[in-house]
Each structure stands twice: as C-alpha cells, then as structure tokens.
Amino acid sequence: MTYARYLTLDTLLGAQNPLSDEHDEMLFVIIHQTKELWLKQTLHEVGLAQRLVHAGDLVPAYKSLARVSRIQAVMTQSWDILATMTPADYLRFRGELGASSGFQSDQFRRLEAMLGIKDEKFLAFHEDRPAAHAALADAMARPSLYDDALAQLAAAGLPVPAEVLDRDVSRPYEASEGVEAAWLEVYRDTERWWALYQLAEKLMDLDDALLTWRHKHVVTVERIIGRRRGTGGTAGVDYLASTLNRRAFPELWSLRTRL
C-alpha cells in the first residue's frame, strides 16, 4: 500500500476537467469539487448523529455534530478563496457552465432534507442520475434529525404535540408553538435536561453555520456577478438571499425571545 494508492490520488486528481483554457476555471472547479467532498463527509457525520439520537444516545452524537460545524466553517471560508476571482475572470468561462448551478447539488439537498428542510422540486434535477435521485428521495421520505430530536423530547416526558410527532415526515417541517414550549422547559431548567439542552445547542451550531454559509455565498456571488441571473435560471443573488430565511430548527431560534 502506498499513499497514492490508499487515497486513489490518480482518480481524484484526474477529476478536474475545465472546459476552457481560462486560468481561473481550475479554481472554480476545485472549489466546488472540494465542497462536494466536504458535503460527503457531512452526510456521513449527520447520518451517524441521527442514528445515535434516534437510539437515545444523545451524548455520543455531540462529537459528530461538532465535527459538522467545523466542516461548515471550512466550507464558508472557502468562499474567500473563490472571491479572489474577479468578474472579468469569471465571465471568460461562465458560458461553459451552461444551465448547471450549485443549487442542483444533490448532496446539499440531502443535507437539507436530513435536517428537515425538504423540497421535492429538487428531485427533478437528478432524474439522469438514478443513484443520486434515489438517495435524495430517501432522505425526503425519512424522518429528519430534528424529527428524531423531537421524539427524544417526547420520550423524556416533555409536552411535544401529538400532531407533530405523527406528522407526514416527507413534508417540510413547520414551526409549532407546542414544540417551542417543550424546548422552553429544557432551556429554563438546563441542569435537569442537560443532555437535551446540549443537543439543542449543537443543533443551533449547525443551523447557525448553515446560515453563515448561505450569507457568505450571497456576498461572494454578488461580488462576482452582481445581480445577473444565475446559470441555472434562478434570480441569482435575489434567489440566494431568499434562502437566508430558512431555519432547520425554528423553535430553537424563536424560544430565545421568550426566555
């Protein structure tokens, strides 16, 4: 075994195939491929964390959730590298992208679905990739990490509404006053509910980091292309800015006003 064989470096380093002769296209490709690699690890970690939470092993789940938050920080910082590419640099090869766009990333949509942010319209972008389509459809259909966290709240005796616990988990999660009330009990008596309190804060770390990533994405895109339409047909910066309102764990945000 050698370093190159163990990491299959020939395959990895042969996966960058810019379509133009423009110098900056290599950076564009590597930045996005690297994000996909980090997303793969993130899905790996969130999957473990969800299995642990589902089983009631909350404390061991903290490690994977903390690791995801650190991965998210690295992904956010990578926008600064991409921002070294000027608008003139990007426009020289932008046409090569055709209708491709980052919002089509199946791994990113799987991550959102695993956290509870579900939107079936994104399945249509992966009909030509059966494995990716099946994995995304499965994530859409299954309970999310937040669903499992709420089940643990209920198992601990906290008043999670039955209509939340029995809802159609394939649908996007909607905020519930009853769920907020249950989390409020946790935050008002942290010593009694320490494990759930720490789980909630780890979930907040994820949602906070995801929001920070989205915000930096908006700023970077506006810096490079201004208010042009996105390559995938979206409204570009305006579309990205609209995603800043998404929260995977809404009651963990809203309860802070009531504490």
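Below: a short report on this structure. (Residues numbered from 1 in each chain as written. Predicted model: local features only at pLDDT ≥ 70, side-chain atom pairs only at ≥ 80, totals over all residues. Heavy atoms only, no water.)

The next thing to look at is the packing of helix H4 (residues 58-82) against helix H11 (residues 194-225). Close contact between H4 and H11 brings their axes to 9 Å; oriented N to C, the two are set at 10°. Classified by the angle between their axes, H4 and H11 sit roughly parallel to one another. Tallied by class, the residues present in the contact of H4 with H11 amount to 18 nonpolar, 7 polar and 4 charged. (Axes fitted to C-alpha atoms, helices over the stretch in contact; angles between N-to-C directions. Helix = DSSP H or I, 4+ residues; strand = E, 2+ residues; numbered from the N terminus. Parallel < 35°, antiparallel > 145°, perpendicular 65-115°, else oblique. Nonpolar A, V, L, I, M, F, W, Y, C, P; charged D, E, K, R; others polar.)

What follows deals with the nonpolar core. Side chains that are nonpolar tend, in soluble globular proteins, to be buried together. By size, the foremost hydrophobic cluster in this structure holds 69 residues, and its most contacted members are Leu115, Tyr146, Leu153, Trp183, Val186, Leu203 and Leu252. Setting aside residues up to four positions removed in sequence, tryptophan 183 forms contacts with Tyr146, Leu150, Leu153, Leu196, Ala200, Glu251, Leu252 and Leu255. (Core = buried A, V, L, I, M, F, W, Y, C linked by side-chain atoms within 4.5 Å. Buried < 20%, exposed > 50% of the residue type's maximum accessible area, 1.4 Å probe, protein only. Contact = heavy atoms within 4.5 Å.)

Within a pair of aromatic rings, the relevant descriptors are the distance that separates the centres and the angle that separates the planes. A full pass over the atoms with the stated rule returns 10 aromatic pairs. Here tyrosine 90 and phenylalanine 93 contribute two aromatic rings whose centre-to-centre distance is 5.4 Å and whose plane-to-plane angle is 85°, an arrangement assigned as edge-to-face. Summarising the burial analysis for this pair, tyrosine 90 and phenylalanine 93 share the class buried. Aromatic pair phenylalanine 122 and phenylalanine 125: ring centres 6.2 Å apart, planes at 40°, arrangement tilted. On the basis of relative accessible area, phenylalanine 125 is assigned to the partly exposed category, the value being 35%. In this structure an aromatic cluster arises from ring pairing among Phe28, Tyr90 and Phe93. (Phe/Tyr/Trp six-rings, centres within 6.5 Å; stacked < 30°, edge-to-face > 60°.)

Okay, helix H3 (residues 23-54) next. For H3, built from 32 residues, the straight-helix expectation of 46 Å at 1.5 Å per residue is met to within 8% by its first-to-last C-alpha distance of 48 Å. Glycine 56 sits one or two positions beyond H3 and adopts a positive phi of about 85°. (Expected span 1.5 Å × (residues − 1).)

This part covers the pattern of salt bridges. The full count for this structure, using the stated rule, is 13 salt bridges. The residue aspartate 147 makes a salt bridge to arginine 167 at a minimum N-O spacing of 2.8 Å. Remark: arginine 167 occurs in the loop between helix H9 (162-165) and helix H10 (177-188) and aspartate 147 occurs in helix H8 (residues 145-155); sequence separation between them is 20 residues. Of the two residues, aspartate 147 and arginine 167, both sit in the buried class. The salt bridge involving arginine 258 is made with glutamate 180; its shortest N-O contact spans 2.4 Å. Taken together, the residues arginine 258 in helix H13 (residues 250-258) and glutamate 180 in helix H10 connect sequence positions 78 residues apart. Given a relative accessible area of 44%, arginine 258 falls into the partly exposed group. Exposure remark for glutamate 180: the relative accessible area of 9% places this residue in the buried category. Via salt bridges that share partners, Arg109, Glu112, Arg214 and Arg246 belong to a single interconnected network. (Salt bridge = Lys/Arg side-chain N within 4 Å of Asp/Glu carboxyl O.)

So, to be careful, I would describe these as geometric facts and stop short of saying anything about function.
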